[in-house]
Amino acid sequence: MNKLPVFRTPRLILRDIDVNDAFEMFEYSKLPNVGPMAGWEPHKSIAESMAVINLFINSKTRGEPGVYAIVYRETNQMIGTIELYNYKPYFKAELGYSLHPDFWGQGLVVEAAECLIDWGFRDLNLKRIEVATFPENHQSKRVCEKLGFKYEGIERKGYMRYDGVACDKVMYGMTDDDYYHKLINNISWKKR
């Protein structure tokens, strides 16, 4: 299986997720305020986190690009995951992420997502990247806004949660035109 490109930001390293990340994943995935906000049940054991990691690793065999571990550079701690999934080559993908609550509110998901958005449009030649979140997940909606995604509406009962409840999804999207327009405007602004 192909290795994902490694990305380094001022505070993070994004690299292929590995079974050795199971303990650190379990540390935040077991918390009641993490998984349910993304639609999945809190993990009950390290073995469950390891099984999820194996699913992530095997996603490449199903044509997905793969899942990144978000590693905090200062401590070399794996603090979350980020990925482009529901991948349709040369067309679109969906951005998904989770992060340990100890690191919420610091702009780290935005920092990580900027790498994947750039990779998606420049290297994977995507035309569109989407993000879906629950209406009550205000932090995730704020991440979408900071990244420049456009609010596209609510998909009513568009997601079946782990507990069998059909939930509304708030939809955001970014096209390649949006992305390159934002890049050009940032370059022009910096030249002033």
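Throughout what follows, the structure given in this document is the object of discussion. The shown structure was predicted, so the numbers you read here are calculated from the model rather than taken from an experiment.

### Here's the deal with the sheet that holds strand 8 (residues 166–175)
Consideration 1: On the basis of which strands lie adjacent, the open sheet formed by 8 strands has the order 1-2-3-4-5-6-8-7 and mixed pairing. Of all the strands in the sheet, the pair left with one neighbour each is strand 1 (7–8) and strand 7 (150–160).
Consideration 2: The pairing of strand 4 (residues 77–88) with strand 5 (residues 92–99) spans 7 bridges and is classified as antiparallel. Bridge pairing links Ile82 to Tyr97 in strand 5.

### So, the packing of aromatic side chains
Consideration 1: In total, this model carries 8 aromatic pairs according to the counting rule given.
Consideration 2: Arranged with centres 5.1 Å apart and planes meeting at 25°, the rings of Phe121 and Tyr179 form a pair that is stacked. Here the residue Phe121 occupies a position in helix 4 (residues 108–122), and Tyr179 occupies one in helix 6 (residues 176–191), the gap between them amounting to 58 residues. For the pair Phe121 and Tyr179, one class covers both residues: buried.

### Some thoughts on the nonpolar core
Consideration 1: Leu14, Ile82, Leu84, Leu95, Leu116, Ile117 and Phe149 are the most contacted members of the largest nonpolar core, which totals 38 residues.
Consideration 2: Mapped onto this core, the elements with two or more residues apiece are strand 2 (12–16), strand 3 (67–72), strand 4, strand 5, helix 4, strand 6 (128–133), helix 5 (138–147) and strand 8.
Consideration 3: For this core, the element with the highest residue contribution is helix 4, accounting for 10 residues.
Consideration 4: When residues no more than four places from it in sequence are discounted, the contact partners of Leu116 are Phe7, Leu14, Tyr68, Ile82, Glu83, Leu84 and Leu95.

Cut-off values and rules
Residues numbered from 1 in each chain as written. Predicted model: local features only at pLDDT ≥ 70, side-chain atom pairs only at ≥ 80, totals over all residues. Heavy atoms only, no water. Pairing = 2+ DSSP bridges. Helix = DSSP H or I, 4+ residues; strand = E, 2+ residues; numbered from the N terminus. Phe/Tyr/Trp six-rings, centres within 6.5 Å; stacked < 30°, edge-to-face > 60°. Buried < 20%, exposed > 50% of the residue type's maximum accessible area, 1.4 Å probe, protein only. Core = buried A, V, L, I, M, F, W, Y, C linked by side-chain atoms within 4.5 Å. Contact = heavy atoms within 4.5 Å.

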